[in-house]
Amino acid sequence: MKAGIVVFPGINRERDMAIALHASTGRAPAMLWHKDADLTGLDLVVIPGGFSYGDYLRCGAMAAQSPAMAAIRAHVARGGYLLGVCNGFQILTEAGLLPGALLRNAGLRFLSMDCHLRVERADTAFTNRYRAGEVFRAPMAHGDGNYFADDATLDRLEGENLVALRYATAEGAVTPDANFNGAARNIAGILSPSLRVMGLMPHPEDLVDPLMGGTDGKPLFDALAALEVA
Amino acid sequence: MKAEVTIMLKAGVLDPQGKAIGQALHGLGFAGVGEVRQGKIIQLELAETDPAKAKAAAEDMARKLLANTVIESFKVEIKP
Amino acid sequence: MAQQVNQALAKQFGLSADEYGRVLAIMGRTPSFTELGVFSVMWSEHCSYKSSRVWLKTLPTKAPWVIHGPGENAGVVDIGDGLAAVFKMESHNHPSFIEPYSGAATGVGGILRDVFTMGARPVANLNALRFGDPKLAVTKRVVDGVVRGIGGYGNCVGVPTVGGEVNFHPAYNGNPLVNAMTVGIADRNKIFLSAAAGIGNPVVYVGSKTGRDGIHGATMASTSFEKDSEEKRPTVQIGDPFVEKLLIEACLELMATDAIIAIQDMGAAGLTSSSVEMAGKGDVGIELDLDHLPQRETEMTAYEMMLSESQERMLMVLRPDRQEMARAIFAKWDLDFAVIGQLTDTGHIVVKHKGVVEADIPLAPLADQAPLYHRPTSETPKPAALGAVADPVGLRTALLTLLACPDLASRAWIWDQYDSTIGGQTVKRPGAADAAIVRLDGHTRALALTTDCTPRYCQADPELGGMQAVVEAWRNITATGGKPLAITDNMNFANPEKPEIMGQFAAAIRGMAAACVALDFPVVSGNVSLYNETEGQPILPTPAIGGLGVLEDAAQAVGQAIAPGQTLVLIGETAGWLGQSLWLREIAGREDGPPPPIDLTAERRNGDFVRGQILSGAVRACHDVSDGGLLIAVAEMALAGNTGVALNLTGDHAFWFGEDQGRYVLAVDNAAATLVAATAAGVPAAIIGTAQGQGLTLPGIDPISLTEARAANDRFFPAWMN
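The rules behind the values
Along each chain, the written sequence defines residue order, and numbers are assigned to residues from 1. For this description, chains carry letters from A and ligands carry numbers from 1, given in the order in which they are written. Since the coordinates come from a predicted model, pLDDT governs what is reported: local features require at least 70, and pairs of side-chain atoms require 80 or more to be given and counted, while whole-chain, interface and lining totals use all residues. To get the side-chain values, all heavy atoms of the structure are used, and hydrogens and water are removed first. By definition, any uninterrupted DSSP run of H or I lasting at least four residues is a helix, any uninterrupted run of E lasting at least two residues is a strand, and each is numbered from the N terminus. The globule rule is 2.2 Å times the number of residues to the power 0.38, and the radius of gyration it is compared with is taken over C-alpha atoms. Note on contacts: a residue pair is in contact if any heavy atoms of the two residues lie within 4.5 Å. Every accessible area reported is derived by Shrake-Rupley at a probe size of 1.4 Å, with residue values counting cover from the shown protein chains alone. In this count, Lys and Arg are taken as positive residues and Asp and Glu as negative ones, while His and the chain termini are left out. Note on charges: their place is set at NZ of Lys, CZ of Arg, CG of Asp or CD of Glu. The cut-offs for exposure are 20% and 50% of the maximum accessible area for each residue type, with area from a 1.4 Å probe on protein chains only; residues under the lower value are buried, those over the upper are exposed, and the others partly exposed. Each Phe, Tyr or Trp ring (for Trp, its six-membered ring) is paired with any other whose centre lies within 6.5 Å, and the angle between the two planes then decides the class: stacked below 30 degrees, edge-to-face above 60, tilted in between. Only Lys NZ and Arg CZ are tested; either one counts as a charge over a ring when it is within 6 Å of the ring centre and within 35 degrees of the ring normal. Counted as a polar contact is a pair of N or O atoms within 3.5 Å, where, for protein atoms, one must be capable of donating a hydrogen and the other of accepting one, and residues adjacent in sequence contribute only when both atoms are in side chains. Put simply, buried area is how much 1.4 Å-probe accessible surface two parts lose in total, over both of them, once they are put together. Only one rule defines a salt bridge in this text: a Lys or Arg side-chain nitrogen within 4 Å of an Asp or Glu carboxyl oxygen. For this scheme, ten residues count as nonpolar: Ala, Val, Leu, Ile, Met, Phe, Trp, Tyr, Cys and Pro. Four count as charged, namely Asp, Glu, Lys and Arg, and the remainder, Gly too, count as polar. Following DSSP output, two strands are said to pair if at least two bridges run between them. Axis geometry follows a simple rule: fit a line to the C-alpha atoms, using only the stretch in contact for helices, then measure angles between N-to-C directions, giving values from 0 to 180 degrees. Cysteine sulfur atoms are paired as a disulfide whenever they come within 2.5 Å of each other. Expected span, for any helix, means 1.5 Å times one less than how many residues it has. Each residue carries a pLDDT value, the predictor's own confidence for that position, ranging from 0 to 100.

Draft legend 1. Spatial organisation of the overall build of chain A. In terms of helices and strands, chain A carries six helices and 11 strands. On C-alpha atoms alone, chain A measures out to a radius of gyration of 16 Å, which is about the 17 Å that the 2.2 N^0.38 rule sets for 230 residues. Of the contacts formed within chain A by residues at least 6 apart in sequence, a portion of 75% connects residues at least 24 apart. Split by element, the accessible area of chain A, about 7500 Å² in all, is 51% carbon and sulfur. Charge-centre separation for chain A: the mean point of 20 positive side chains lies 3 Å from the mean point of 25 negative side chains.

Draft legend 2. Up close: the arrangement of the chains. Contacts between protein chains span two pairs of chains, and they are most numerous for chains A and C. Nothing in chain B touches chain C, and the closest approach of their C-alpha atoms is 11 Å.

Draft legend 3. Summary view of helix H15 (residues 395–404) of chain C. All names here are of chain C. Within H15, seven of the 10 residues are buried, leaving the element largely enclosed by the surrounding structure. Within H15, the full set of buried residues consists of Leu-395, Ala-398, Leu-399, Leu-400, Leu-402, Leu-403 and Ala-404. Looking at the buried side of H15, the elements it contacts are helix H20 (582–586), helix H22 (629–641), helix H23 (653–657), strand S27 (695–697), strand S28 (704–705) and helix H25 (706–721).

Draft legend 4. How the structure looks around the packing of aromatic side chains. One pass over the full model with this rule turns up 21 aromatic pairs over all chains. Ring geometry for Phe-330 of chain C against Phe-337 of chain C: centres 5.9 Å apart, planes inclined by 45 degrees, an arrangement best described as tilted. Phe-330 of chain C sits in the buried class, given a relative accessible area of 0%. Among the aromatic residues, those joined into a cluster by ring pairs are Phe-131, Phe-168, Trp-413, Phe-716, Phe-717 and Trp-720 of chain C. Here Lys-332 of chain C stacks its cationic end above the ring of Trp-33 of chain A, 5.3 Å away from the centre of that ring.

Draft legend 5. Region of interest: the side chain of Glu-45 of chain C. Structurally, Glu-45 of chain C can be placed in helix H4 (residues 45–48). A distance of 3.3 Å separates the side chain of Glu-45 of chain C from the backbone nitrogen of Lys-50 of chain C, its partner in a polar contact.

Draft legend 6. A look at the interface of chain A and chain B. In this assembly, 14 residues from chain A lie in contact with 17 residues from chain B. Counting the surface lost from both chain A and chain B, the interface buries some 1200 Å², and carbon and sulfur atoms represent 67% of this. The tally of links from chain A across to chain B stands at one salt bridge. Of the charged contacts in the structure, one is a salt bridge between Glu-72 of chain B and Arg-58 of chain A, with a shortest N-O distance of 3.5 Å. The interface formed by chain A and chain B includes six residue pairs in polar contact (both at pLDDT 80 or more). For the side of chain A that touches chain B, the per-class residue count stands at eight nonpolar, three polar and three charged.

Draft legend 7. Here's a closer look at the sheet that holds strand S11 (residues 197–200) of chain A. Residue and element names in this part refer to chain A. Judged by pairing direction, the sheet is mixed, and its nine strands sit side by side in the order S2-S1-S3-S4-S11-S10-S9-S6-S7 without closing on themselves. Two strands close off the open sheet at either side, each with one partner strand: strand S2 (30–33) and strand S7 (135–142). Taking the axes of each pair of neighbouring strands and ignoring which way they run, one obtains an average angle of 25 degrees across the sheet. Here four bridges tie strand S1 (residues 3–7) to S2, and the two strands are oriented parallel to one another. Among the inter-strand pairings, Val-6 is bridged to a residue of S2, identified as Leu-32. Running over the sheet, helix H3 (residues 68–77) touches S1, strand S3 (44–47), strand S4 (81–85) and S11 and is turned about 140 degrees from S3.

Draft legend 8. Quick peek at the environment of Gln-537 of chain C. Residue and element names in this part refer to chain C. Tracing the sequence through the fold places Gln-537 in strand S20 (residues 537–538). Distance in space between the C-alpha atoms of Gln-537 and Leu-136 is 16 Å, their sequence separation being 401 residues. Ignoring any residue separated from it by four or fewer positions in sequence, one finds Gln-537 in contact with Ala-171 and Asn-532.

Draft legend 9. Molecular detail of the pattern of salt bridges. Enumeration over the complete set of coordinates arrives at 66 salt bridges over all chains. Here Arg-296 of chain C and Asp-213 of chain C are joined by a salt bridge, their closest N and O atoms 3.1 Å apart. With Arg-296 of chain C in the loop between strand S9 (285–289) and helix H12 (302–307) and Asp-213 of chain C in the loop between strand S7 (202–207) and helix H9 (217–220), the pair connects residues that are 83 residues apart, well separated along the chain. According to the relative accessible area criterion, Asp-213 of chain C is buried, its value standing at 11%. One salt-bridge network, held together by shared partners, links Arg-118, Glu-120, Asp-151, Asp-155, Glu-158, Arg-166 and Arg-185 of chain A.

Draft legend 10. Just the state of the cysteines, in detail. Summed over the entire model, instances satisfying the criterion amount to zero disulfides over all chains. The cysteine Cys-59 of chain A is free of any disulfide, with Cys-86 of chain A supplying the nearest cysteine sulfur at 8.5 Å. Of all cysteine sulfurs, the one in Cys-156 of chain C lies closest to Cys-251 of chain C, which takes part in no disulfide; the gap is 17 Å. Judged by relative accessible area, Cys-251 of chain C falls into the buried class, the value being 0%.

Draft legend 11. Region of interest: helix H10 (residues 241–255) of chain C. The end-to-end C-alpha distance of H10 of chain C, which contains 15 residues, comes to 20 Å, matching closely the 21 Å that a straight helix rising 1.5 Å per residue would cover. Of all 15 residues in H10 of chain C, 14 are buried; the element is thus mostly enclosed.

Draft legend 12. View of the interface of chain A and chain C. On the chain C side, the residues contacting the 29 residues of chain A number 38 residues. Carbon and sulfur atoms supply 50% of the area that chain A and chain C bury against each other, a total of about 2600 Å² over both sides. A per-residue breakdown of the area chain A buries against chain C is headed by Arg-109, Leu-211 and Met-212 of chain A, which together make up 26% of the total. Where chain A packs against chain C, one counts six salt bridges. Between Arg-13 of chain A and Asp-419 of chain C there is a salt bridge whose closest N-O contact spans 2.6 Å. Linking chain A with chain C are 17 residue pairs in polar contact (both at pLDDT 80 or more), by the criterion used here. Sorting the residues of the side of chain A that touches chain C by element identifies helix H1 (14–25), strand S6 (111–119) and S7 of chain A as the ones contributing at least two each.

Draft legend 13. Spotlight on the sheet that holds strand S12 (residues 348–353) of chain C. All names here are of chain C. The strand order across the open sheet formed by seven strands is S8-S10-S7-S11-S9-S12-S13, and the pairing between neighbours is mixed. Looking along the sheet, the strands with just one partner apiece sit at the ends: strand S8 (260–265) and strand S13 (356–362). Direction aside, the axes of adjacent strands within the sheet are offset by 20 degrees on average. Both S7 and strand S10 (residues 313–318) contribute to a ladder of five bridges, which runs antiparallel. Residue pairing across strands places Tyr-205 opposite Leu-315, the latter belonging to S10. In the packing of helix H11 (residues 270–282) onto the sheet, the strands contacted are S8, S9, S10, strand S11 (336–344) and S12, and the crossing angle to S10 comes to about 25 degrees.

Draft legend 14. Spatial organisation of unusual backbone geometry. The backbone phi angle of Leu-57 of chain A is positive, close to 70 degrees, even though this residue is not glycine. For Leu-57 of chain A, the position within the fold is in the loop between S3 and helix H2 (61–64). Overall, the relative accessible area of 24% leaves Leu-57 of chain A in the partly exposed class. A positive phi angle is found at Gln-580 of chain C, which is not glycine, with a value near 60 degrees.

Draft legend 15. Highlighting the environment of Gly-270 of chain C. Residue and element names in this part refer to chain C. Within the secondary structure layout, Gly-270 lies in helix H11. Gly-270 gets classed as buried once you look at its relative accessible area, which sits at 0%. Spatially, the C-alpha atoms of Gly-270 and Glu-309 are 4.9 Å apart, while their sequence positions differ by 39 residues. If we ignore the near neighbours within four places in the chain, the residues touching Gly-270 are Met-306, Ser-308, Glu-309 and Arg-313.

Draft legend 16. Quick look at the confidence of the model for chain B. Confidence along chain B averages 92 in pLDDT terms, with 100% of residues attaining 70 or more. Per the prediction output, this complex has pTM 0.95; the corresponding ipTM is 0.96.

Next up, the structure:
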């Protein structure tokens, strides 16, 4: 599996992502500066977390309009996999590669804490090392992670089974208390209809080492290690 | 020619910042303040001299980048 | 701006009559407006340390592992594996009161630059914060803004904020303290310094453009606050963490080449101090042509450009043959890059603007003849002995009250706004251990990091307080298993022109020095912030200490969380010292008596024993006993592990809440073995209880459930801020 991480100015979790991918795949992913991102031959492209362009205007807005996005769209069009985490998720929604938008957290504060995620769908290239309904823990660190879409879009996402992860209690209950940022229907991560694009707000890449408090995030990267573009 | 783009969250989108501002105003004793919504204004200096063309250009910019029409609406005003 | 330069103007610029006389003597003529500006900022307290230098020189700064002590942008210590840790703490007190968000944010930005200037990638931020009475609305506004500002900047640049401390006291009502610390990692053989060299070499400006931000910020940091300070708002700088992030990456990319001869960030006093210090340290002259300076505003004068404190800017001297390569790196990162001058053999700083020489100052006397004051000191009288204090409420109420008080309440509300996990190396997050533990990427080694000071002790007895701040930092690192290596100090005091304040300063330094020597824990960097008083109300003397230690194997670090079945062993002597304790203040409503004495020999012996036990693998959890005393330490360990404790000792309030120093609580599996080892080491040790159940039980009082204790501990911040 060949992975590449696209780095826009202000992205800052690219090293965390590289560590997690390296640990599961056994090889270092390509680090691709947005101005010269050549995605040929890659199975997986990742847009990691951070504050691309300072999160000025709107989180992810300027990266979503940058020239590198054309290559990323082409990668998806030819069947490549694409993962956006945190700012990467925001960029994917701004670019229209995933529906909805990420609003300011309901409590208006940046939130850096562990959350619990319930796996809504375990038959995808991203989540197949988890079981459906399984709950795993992941750090979150964002000011704008409050997922929003209009009701029709939310109904469609649920109808087409494209919600990948929801905020839940440690026991797996999807409750308002477990939904720290106020996301619509507790949505933490979603999939494209092709199931080849996933975006999520929390950071499983920061929980792949027992020394850092657990390996709850590792199955995601173990799953990615196995994927190959058909 | 100057264009001023006003961007607001759409009516159906919760605006916690506006809500917090409203609460703060109440806290300061300003009675009679109803719903508060906040947004942003972007001022553009344009080389275009034709007001209609300037407006069209600014609207195009707003659609492509300045506003996210999933959550935001915008309004363009042309000022000499 | 074309004002008449005279003594009256010099006074406005913060120069005394005597200092202005020195300026005239050095120049041999009336200085220009710009020259006067240069003198005033270079000779400000903030840049010249004119009141504190004589005392700072008495601090121990050397150890075999110290690579660079005070005098560089930050301290540098060898941490093994060919790596060096680069670290410093710096204050941004005055700006944080005027505009809390931006003041705190730019404080973080400034200290980050001090560290990456030396070639280190920042890997951790910490802070030490002091705020006024929580009952005041202004305190709430300041806390909210400062916390958002620290998070806003640190989160965006992508450096984890892993630790810190917060105190409240009315003495900080009009003068909060915001001390920010950054730790970076560099190749120990690739440390970048600021001494310029090579006549004719280009002087290069990179980063953000220059505006009129913060002009005379350095002199603002050197005067007391008056009521109209809120009117001084325009001098507060605005930070741009996005540009800082780009600057870090661009500088580190350039530092991987051989292009840089010298580099210095533009902090307080901006272009003036960076150019003067670089040339001065290198014994060369420097000529600047401000026509080439990247400018954000129009019609800026030479004076404004020289004194601007616009953020996110660096000054470098480059090898001429690497100039174009360097330019390309900065273009890649979309940052300004401009050659604004060159080094000369004149020994002068010459500033040109629009063809006019706006300043021409000999550098040697600017540095050598800078004022140095032996200000009069008067000793703080030793507090009277406390005598017996009756317990008005009982242990149970006291414990719950203390757990809920602002100085001991859970800080989760604050930490939860700081990204503490970015980098993927945070082994112990805020609150999990006595010191934050950050592993070095690609290594098994880890850093143990802490900030400490107990200002109420410093107020009562500055010498003992200074000593205790250093000891506590050492103890917190020790309690994780870390080997303490060195400290950075941030000396926050009131007006040094008052003998009693200068006396506090001198005494604190004495106490710190004694602790540094006894613990092999030298000072490698620091910052002095004086004139911290508002309308005659001085702050508590606050020598904040940032401590750094190292663990060879991150997996050996222990935290505070206990688990069922473990036995708790108390290390150290307990006399029941209530003077200046939190119990005395929060329960008895008194702030008096002498602070607890410190036996440095016992500290060292107890700490070395505890560290040895941790590294031998015998210890499951460890917490030092500090604010609030033994019962608070035990309760914090219970809350961290979500496990109750059955305590088997009988004691009074002084026993449970006294703040005797040199103590630790260990959680071990084999207590008998720990006691044997302690006896062999000559260290006092006693079994105090067992980890079990879901409550704290001790003889003679109703059990306190963890739920009740947690509710008390969690209440303060959310109830106050939300």
